[in-house]
Amino acid sequence: MNKEKLLKKIQSAHQGNLFSLEIPKNTKEDENKIEDLVKELEREGKIKLREYVQREYSVYLHGIIKYVSD
């Protein structure tokens, strides 16, 4: 997964400007990559993360989309 794919998943999982998304993970490396991508999107000002939950087999994201580009 790369940053653009993650942003598209977030955009498809939103209602208004809020999003809620659960991303499956296979390894600890997947979890770290997702966390890094989310932090990068936050630094760029595209999203504001309210909740980041690491579950056994997935990562749950909840937040606000600040900037949507088509």
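Residues numbered from 1 in each chain as written. Predicted model: local features only at pLDDT ≥ 70, side-chain atom pairs only at ≥ 80, totals over all residues. Heavy atoms only, no water.

(A) Inspection of the pattern of salt bridges at higher detail. Applying the stated criterion across every chain yields a total of 6 salt bridges. The closest approach of N and O atoms between Lys-25 and Glu-31, which form a salt bridge, is 2.3 Å. When its relative accessible area of 4% is taken as the criterion, Glu-31 is described as buried. Residue Glu-31 is joined to Lys-28 by a salt bridge in which the shortest nitrogen-to-oxygen separation is 3.2 Å. (Salt bridge = Lys/Arg side-chain N within 4 Å of Asp/Glu carboxyl O. Buried < 20%, exposed > 50% of the residue type's maximum accessible area, 1.4 Å probe, protein only.)

(B) A look at helix H2 (residues 28-43). With 16 residues, H2 extends 23 Å from end C-alpha to end C-alpha; this agrees with the ideal 22 Å at 1.5 Å per step. Listing the buried residues of H2 in full gives Glu-31, Ile-34, Leu-37, Val-38 and Leu-41. Down the axis of H2, the smallest arc covering the buried residues is 130 degrees, so these residues share one side. Facing away from the buried surface of H2 by more than 90 degrees, the exposed residues are Lys-28, Glu-29 and Arg-43. Tucked inside the fold, the buried residues of H2 contact helix H1 (3-12), strand S2 (18-24), strand S3 (47-54) and strand S4 (58-65). Looking one or two residues beyond H2, the residue adopting positive phi is Gly-45, at roughly 80 degrees. (Helix = DSSP H or I, 4+ residues; strand = E, 2+ residues; numbered from the N terminus. Expected span 1.5 Å × (residues − 1). Arc of directions from axis to C-beta. Contact = heavy atoms within 4.5 Å.)

(C) A look at the sheet that holds S3. If you walk across this open sheet you meet the 4 strands as S1-S2-S4-S3, and the pairing is antiparallel. The open sheet has two edge strands with one neighbour each: strand S1 (14-15) and S3. Where S1 meets S2, 2 bridges bridge the pair, whose relative direction is antiparallel. Paired with Gln-15 across the two strands is Leu-18, which belongs to S2. (Pairing = 2+ DSSP bridges.)

(D) Representation of the nonpolar core in the model. In this structure, Leu-6, Ile-10, Phe-19, Val-38, Ile-47 and Leu-61 are the most contacted members of the largest nonpolar core, which totals 15 residues. Looking at this core, the elements with two or more residues in it are H1, S2, H2, S3 and S4. Considering each element in turn, this core owes the most residues, 4 residues, to H2. Discounting chain neighbours no more than four positions away, the residues touching Val-38 are Leu-6, Ile-47, Leu-49 and Leu-61. (Core = buried A, V, L, I, M, F, W, Y, C linked by side-chain atoms within 4.5 Å.)

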